Number of protein chains: 2
Amino acid sequence: MSSRVAVPLPKAYRLLNHGPTVLVSSAHVGRRNVMAAAWSMPLDFDLPKVAVVIDKATLTRELVEASGEFVLNVPSRQQAALTLAVGTQSGRETDKFEKLGAGLLCVHGNPLRGQATASMVGAPLIEGCLAWLECRVIPEPHNQQRYDLFLAKVVAAWADPEVFSNGRWHFPDEARRSIHYLAGGSFFATGDAFEA
Amino acid sequence: MSSRVAVPLPKAYRLLNHGPTVLVSSAHVGRRNVMAAAWSMPLDFDLPKVAVVIDKATLTRELVEASGEFVLNVPSRQQAALTLAVGTQSGRETDKFEKLGAGLLCVHGNPLRGQATASMVGAPLIEGCLAWLECRVIPEPHNQQRYDLFLAKVVAAWADPEVFSNGRWHFPDEARRSIHYLAGGSFFATGDAFEA
């Protein structure tokens, strides 16, 4: 079970600045999904924006376009198998939350498991992740149609205080490092911190 | 001195897939520059495309808009101080190549130091980096003006074969790992490789 505290919006870009692979969660009218995305990045500091590529073939694409919302969840190394699974299976065929046991930390208007604050968007926050960015799509139909590229405002951000606080990551152990997907089931963990 | 071999274009996304911080090099009519960018990502596999954020205030922005070209250079940990320096100094005030000793591996039509193949774009390849993506801007004025967001086709890709070959990174030592910028001079090295 993860705990979470709010990350001030001007610091939210730091949750993605080092380029981790994320899980994109989405929901619309009783349907929900989660997929992996290696292609996301910050787009602005304050107010924070993000960019993420969401393929036309995915259920996530349908739910994000219908709802105008998604959450970027930053998974940990111990969630790498889950990340790979939600990145290779389609939500059209199965409810990935039930099949893969991806727990929900929080859903819209309904904080779960003692969390004090509910989500601002309809997409669920995935339990066990290190950080969460709640996003509202900035409609840019040309980018979406031609490049599968979605731009969004970050409307709320959260982190597990054991791994991120005061604008800094401080991974407490190997299992709770963020991860970076390469290809073919191979990842890198986020490695040593150092000052230049 | 780095050596380099061509990376097949369908594998070029793997040079950026794990989210490293890059150096953006550019040139136009006798002027040249290099800056750091933490905000870049692949945008497509084949033919490969990339997205990168380039602030309006930078000389790089001027040179990229004028030339329609840039190179994304993937720096190593031993280039972290250089990365920080080119990310905090302006090319309008100084030639960063001369001031910071950023060597050139290759310039357009003129392979340097025994490299067999010249660059396809006018922007220089920075010596000592791990990999290079030569890019041609896809003109998208709305994205550029509103979001500082540049989309580009990758027209050639290269890697140092000691760190990347056959579509895989295999960092030979700590000094030649790729890096991921956080903020305030702090980086992460790319860490352990593992299979999910």
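Quantities reported herein were computed from a predicted structural model and do not represent experimental measurements.

A.B. asks: Please clarify how the overall build of chain A should be interpreted in this entry.
C.D. replies: When helices and strands are counted, chain A shows four helices and 15 strands. Taken against the 2.2 N^0.38 rule, which gives 16 Å for 196 residues, the C-alpha radius of gyration of chain A at 15 Å falls within 12% of a compact globule. Taken along its principal axes, the extent of the C-alpha atoms in chain A is 40 × 35 × 35 Å. Expressed as a percentage of its 196 residues, the buried residues of chain A come to 59%. The long-range share in chain A, meaning contacts at least 24 apart out of those at least 6 apart in sequence, stands at 65%. As displayed, chain A has an accessible area near 7,300 Å², and 51% of this comes from carbon and sulfur atoms. For chain A, the centre of its 19 positive side-chain charges and the centre of its 19 negative side-chain charges are spaced 2 Å apart.

A.B. asks: Is there a simple way to think about the interface of chain B and chain A in this case?
C.D. replies: Quoted interface sizes are often the accessible area lost when the parts come together. Tallying the contact residues gives 52 residues for chain B and 52 residues for chain A. The largest contributions to the chain B side of the interface with chain A come from B:Trp39, B:Phe188 and B:Phe194, which together make up 19% of the buried area. Our count for the contact surface shared by chain B and chain A stands at two salt bridges. The shortest N-O distance in the salt bridge between A:Arg77 and B:Asp192 comes to 3.7 Å. At the surface where chain B touches chain A, the tally comes to 26 residue pairs in polar contact (both at pLDDT 80 or more). Sorting the residues of the side of chain B that touches chain A by element identifies strand E4 (40-45), strand E5 (48-53), helix H2 (80-88), helix H4 (141-147), strand E11 (149-159), strand E13 (168-169), strand E14 (179-183) and strand E15 (186-195) of chain B as the ones contributing at least two each. Top element by residues in the side of chain B that touches chain A is E15(B). It accounts for 10 residues. Along the lines of polarity and charge, the residues of the side of chain B that touches chain A split into 29 nonpolar, 13 polar and 10 charged. Across seven bridges, strand E15 (residues 186-195) of chain A lies against E15(B) in antiparallel orientation.

A.B. asks: Teacher, can you tell me more about the sheet that holds E15(B) here?
C.D. replies: Strand pairing in a sheet is mediated by backbone hydrogen bonds. Such pairs are either parallel or antiparallel. Strand order in the open sheet formed by four strands is E14(A)-E15(A)-E15(B)-E14(B), and the pairing between neighbours is antiparallel. On the outer flanks of this sheet lie strand E14 (179-183) of chain A together with E14 of chain B, each paired with one strand and no other. When the angles between neighbouring strand axes are averaged without regard to direction, this sheet yields 40°. Here E14(A) pairs with E15(A) via four bridges, running antiparallel. Residue A:His180 lies in a different strand from E15(A), and its bridge partner there is A:Phe188.

A.B. asks: Explanation requested: the relation of the copies chain B and chain A in the structure shown.
C.D. replies: Both copies of the chain are tied together by a single rotation about an axis and a shift running along it. Rotating chain B by 180° about the axis while translating it 0.0 Å along that axis superimposes it on chain A, leaving an RMSD of 0.0 Å. Both chain copies can therefore be described as sitting about a two-fold axis. Comparing interface residues between copies, 100% of those in chain B also lie at the interface in chain A; the contact surface is shared.

A.B. asks: Got a minute to help me understand the packing of aromatic side chains in this structure?
C.D. replies: Centre-to-centre distance and the angle between the planes together describe a pair of aromatic rings. Counted by the stated rule, this structure contains 16 aromatic pairs over all chains. With 6.2 Å between their ring centres and 65° between their planes, A:Tyr13 and B:Trp39 make a pair best called edge-to-face. Pair noted here: A:Tyr13 is in the loop between strand E1 (5-6) and strand E2 (22-28) and B:Trp39 is in the loop between strand E3 (31-37) and E4, and the two residues belong to different chains. Seen from their ring centres, A:Phe194 and B:Phe187 are 5.5 Å apart, and the 10° between their planes marks the pair as stacked.

A.B. asks: What is the right way to read the pairing of E15(B) from this model?
C.D. replies: Residues in a regular strand project their side chains so that they alternate between the two faces of the sheet. Here E15(B) lies mainly inside the structure; seven of its 10 residues are buried. In textbook terms, the turn of a hairpin is the stretch between consecutive antiparallel strands, and for E14(B) and E15(B) this stretch comprises two residues, one of which, B:Gly184, has a positive phi near 55°.

A.B. asks: Looking at this structure, how should I read the environment of A:Val121?
C.D. replies: Looking at the element boundaries, A:Val121 is found in the loop between strand E8 (110-111) and strand E9 (125-126). Distance from A:Val121 to A:Asn33, taken between C-alpha atoms, is 14 Å for residues 88 residues apart in sequence.

A.B. asks: Explain the side chain of B:Ser76 here, please?
C.D. replies: In this fold, B:Ser76 is placed in the loop between strand E6 (69-74) and H2. Ignoring sequence-local partners within four residues, the contact set of B:Ser76 consists of B:Gly128, B:Leu130, B:Ala175, B:Arg176, B:Arg177 and B:Ile179.

A.B. asks: Help me out: how do you make sense of helix H2 (residues 80-88) of chain A in this one?
C.D. replies: Helical geometry: 3.6 residues make up each α-helical turn, so side chains three or four residues apart lie on a common side. Within H2(A) the residues assigned to the buried category are A:Ala80, A:Leu82, A:Thr83, A:Ala85 and A:Val86. Where H2(A) is buried, its residues touch E2, strand E3 (31-37), helix H3 (96-100), E14 and E15 of chain A together with E15 of chain B.

A.B. asks: What is the right way to read unusual backbone geometry from this model?
C.D. replies: The phi angle of most residues is negative, glycine excepted, and most peptide bonds adopt the trans form. Note the cis peptide between A:Asp46 and A:Leu47, where omega equals 0°. Mapped onto the elements of the fold, A:Leu47 is located in the loop between strand E4 (40-45) and strand E5 (48-53). Here the phi dihedral of A:Val29 falls at roughly 45°; this positive angle occurs in a residue that is not glycine. Here B:Asp148, not a glycine, exhibits a phi torsion of approximately 60°, which is positive.

About the cut-offs
- Residues numbered from 1 in each chain as written.
- Chains lettered and ligands numbered in written order.
- Predicted model: local features only at pLDDT ≥ 70, side-chain atom pairs only at ≥ 80, totals over all residues.
- Heavy atoms only, no water.
- Helix = DSSP H or I, 4+ residues; strand = E, 2+ residues; numbered from the N terminus.
- Rg over C-alpha atoms; globule rule 2.2 N^0.38 Å.
- Buried < 20%, exposed > 50% of the residue type's maximum accessible area, 1.4 Å probe, protein only.
- Contact = heavy atoms within 4.5 Å.
- Areas by Shrake-Rupley, 256 points an atom, 1.4 Å probe, with all protein chains shown as cover.
- Lys, Arg positive; Asp, Glu negative; His and termini not counted.
- Charge placed at Lys NZ, Arg CZ, Asp CG, Glu CD.
- Buried area = accessible area lost by both parts, 1.4 Å probe.
- Salt bridge = Lys/Arg side-chain N within 4 Å of Asp/Glu carboxyl O.
- Polar contact = N/O pair within 3.5 Å; in protein donor to acceptor, adjacent residues only side chain to side chain.
- Nonpolar A, V, L, I, M, F, W, Y, C, P; charged D, E, K, R; others polar.
- Pairing = 2+ DSSP bridges.
- Axes fitted to C-alpha atoms, helices over the stretch in contact; angles between N-to-C directions.
- Least-squares fit on C-alpha atoms with pLDDT ≥ 70 in both.
- Phe/Tyr/Trp six-rings, centres within 6.5 Å; stacked < 30°, edge-to-face > 60°.

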